[in-house]
Amino acid sequence: MILKTRFFGELEIGDDAVIHFKHGIPGFENVKRFVLIDSDEEGSPFKWMQGVDEPKPAFVIVDPFVIRKDYEIKLDDEVLDELEIKSPTDVSVFCIVVVPEDISKMTVNLQAPVVINCANRRGRQLILDTDRYGVRHYILDELRRQEDKADAGADEEKGPVHNHK
């Protein structure tokens, strides 16, 4: 099938590349089919999630575990049943990225991950019931925090930190 996209022109995609979203994506509930498009940059954690039914919805997405190593979601029975998830190895999780003109202010929505069962190509965007994550995490700040933690752990002279309270 030939897919007309917003940013990539026309692409030829196979039916096996299409991911079905029963509920669509919030704001685009009528678009039920999407495809993932890899970034042109080799090794980039970013991808595109492109609407099939219409070209307008095209989202930059990222693996949230690259941004936050401690990212965590729990899938309830409703989601497991709807997506027919049989094994954790079948699941991919992505979060939508907002890329403003000033790229240093790029944010990721960790509150609403996109969960995809890669085995049967079904997906759903969830709204997490937690205040642990927000809708605007600054990506560069998150990556700097990871670097700082890694650097702190590499400083052997300081030794472990203990709380004596």
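Refer to the preceding data block for the structure.
Note that residues are indexed from 1 along each chain, following the sequence as it is written. This being a predicted model, a pLDDT of at least 70 is required before a residue's local features are given, and a value of 80 or more before pairs of side-chain atoms are given or counted; all residues contribute to the totals for chains, interfaces and linings. To get the side-chain values, all heavy atoms of the structure are used, and hydrogens and water are removed first.

Draft legend 1. Molecular detail of the environment of Lys 22. Each helix corresponds to a stretch of at least 4 residues labelled H or I by DSSP, and each strand to a stretch of at least 2 residues labelled E; elements are numbered beginning at the N terminus. Along the chain, Lys 22 falls in the loop between strand E3 (19-21) and strand E4 (33-38). Accessibility here uses a 1.4 Å probe with only protein chains present; expressed as a share of the type maximum, an area under 20% marks a residue as buried, one over 50% as exposed, and anything in between as partly exposed. According to the relative accessible area criterion, Lys 22 is exposed, its value standing at 59%. Note on contacts: a residue pair is in contact if any heavy atoms of the two residues lie within 4.5 Å. Those residues in contact with Lys 22, other than ones at most four positions away along the chain, are Lys 32, Glu 82 and Gly 123.

Draft legend 2. Molecular detail of the packing of aromatic side chains. Only the six-membered ring of Trp is used, alongside the rings of Phe and Tyr, when aromatic pairs are assigned; centres must lie within 6.5 Å, and planes under 30 degrees apart are stacked while those over 60 apart are edge-to-face, with the rest tilted. Tallied over the entire structure, the rule returns seven aromatic pairs. Centroid distance Phe 28 to Phe 59: 5.6 Å. Interplanar angle 75°. Geometry classified as edge-to-face. Of this pair, Phe 28 sits in the loop between E3 and E4 while Phe 59 is found in strand E6 (residues 58-62), placing the two residues 31 residues apart along the sequence. Where Tyr 71 meets Tyr 133, the ring centres are 4.6 Å apart and the plane angle is 45°; that geometry is what we call tilted. Here Tyr 133 lies in the loop between strand E10 (122-125) and strand E11 (137-138) and Tyr 71 lies in the loop between helix H1 (64-67) and helix H2 (77-82), a separation of 62 residues in the sequence. Through a chain of ring-to-ring contacts, three or more aromatic side chains come together here, namely Phe 21, Phe 28, Phe 34 and Phe 59.

Draft legend 3. Fine view of the pairing of E4. Paired strands, in this sense, are two strands between which DSSP finds at least two bridges. Taken together, the two bridges between E3 and E4 define a ladder with antiparallel strand orientation. Within the sheet, the bridge partner assigned to His 20 lies in E4 and is Arg 33. In terms of strand pairing, E4 meets strand E5 (residues 46-51) through five bridges, oriented antiparallel. Its bridge partner being in E5, Asp 38 is matched across the sheet by Lys 47.

Just geometry here; none of it tells us what the structure is for.
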